[in-house]
Amino acid sequence: MIYSHEVQHMCCVKQGANHPSAPIPEEGKWVRAKEIRDISGLTHGIGWCAPQQGTCKLTLNIKEGIIQEALIETIGCSGMTHSAAMAAEILPGKTVLEALNTDLVCDAINTAMRELFLQIAYGRSQSAFSEGGLPIGAGLEDLGKGLRSQVGTMFGTLAKGPRYLEMAEGYCSRLALDANDEIIGYEFIHLGIFMDLVKKGIDANEALGKAKGTYGRFKEAVKYIDPRNE
């Protein structure tokens, strides 16, 4: 360690006060984090790329500084899905500091990692007050049955009005309209459930019927339209 000439000729003054770092909440405990291994928690965050053409939602489950679980969800850019596949291999096993300084292939995923680091380092994790934290695999609970991201895709024009294409429940197959041609409900296909049924050997048409559901006043509609073809 090199000291400047000025510091070398200073007299020593004892530091009397001891101001430790502020404790942060982690998995039901208050922790004075000094090292990377002092960090634990599960948290979510989003990131975006420089041209803002896509976004990523990142979920990390960290135990004693090590990323044990990573869920990467992307939307808006076809290349991001491949970047997410690579990030799913890169992140587990790294410390949060390593992950912060690792190229996660996509700007949006890198930005999400930065935002998550800030959350977790300042004690803003989702599991801050959960005693013992959350088990590995808890990230998948965000996806629900069928293990698909919750996606909302809507399109509208002044000339023809709105079209619901995909809701959290699934792929919108029909819109229900009232006498004023206003949307009062919709029919959806839960694609995750549909694929699970097909994998079990159920006929595709039967599986499709079982994976369908409706929302709102669907049965009261005056007419139904296909949001993609009408």
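Let me begin by describing the structure that accompanies this report. (Residues numbered from 1 in each chain as written. Predicted model: local features only at pLDDT ≥ 70, side-chain atom pairs only at ≥ 80, totals over all residues. Heavy atoms only, no water.)

1. Let's talk about the overall build of the protein
Piece 1. A tally of regular secondary structure across the protein gives six helices and eleven strands.
Piece 2. Structurally, the protein occupies a C-alpha span of about 90 × 40 × 30 Å along its principal axes.
Piece 3. For the protein, long-range pairs separated by at least 24 residues make up 51% of all intrachain contacts whose partners lie at least 6 apart in sequence.
Piece 4. When the accessible surface of the protein is summed, it comes to about 14,500 Å², and 54% of that surface belongs to carbon and sulfur atoms.
Piece 5. Taken together, the 23 basic and 28 acidic charged side chains of the protein have centroids lying 3 Å from each other. (Helix = DSSP H or I, 4+ residues; strand = E, 2+ residues; numbered from the N terminus. Contact = heavy atoms within 4.5 Å. Areas by Shrake-Rupley, 256 points an atom, 1.4 Å probe, with all protein chains shown as cover. Lys, Arg positive; Asp, Glu negative; His and termini not counted. Charge placed at Lys NZ, Arg CZ, Asp CG, Glu CD.)

2. Brief notes about the pairing of strand β4 (residues 55-63)
Piece 1. Of the strand pairs in this sheet, strand β3 (residues 41-48) and β4 are connected by eight bridges, and their pairing is antiparallel. By the bridge assignment for β4, Gly41 is matched with Ile62.
Piece 2. Here β3 folds back onto β4, and the loop between the two strands holds six residues, one of which, Gln52, carries a positive phi near 55°.
Piece 3. As paired strands, β4 and strand β5 (residues 66-75) are joined by nine bridges and run antiparallel to one another. What sits directly across from Leu60, in β5, is Ala70.
Piece 4. Turn length for the β4-β5 hairpin, with the two strands adjacent in sequence and antiparallel, is two residues, and the turn residue Glu64 shows positive phi of about 50°. (Pairing = 2+ DSSP bridges.)

3. Thoughts on unusual backbone geometry
Across the chain, the bulk of peptide bonds are trans and the bulk of non-glycine residues have phi less than zero.
Piece 1. The phi torsion at Glu64 lies on the positive side, around 50°, for a residue other than glycine.
Piece 2. Its place among the elements puts Glu64 in the loop between β4 and β5.
Piece 3. Assessed through its relative accessible area of 60%, Glu64 is described here as exposed.
Piece 4. Notably, Asp181 is not glycine yet its phi reads approximately 65°, a positive angle.
Piece 5. Among the secondary structure elements, Asp181 is positioned in the loop between β8 (170-177) and β9 (183-189).
Piece 6. A residue is classified by how much of its surface remains accessible, and Asp181, at 46% relative accessible area, is partly exposed. (Buried < 20%, exposed > 50% of the residue type's maximum accessible area, 1.4 Å probe, protein only.)

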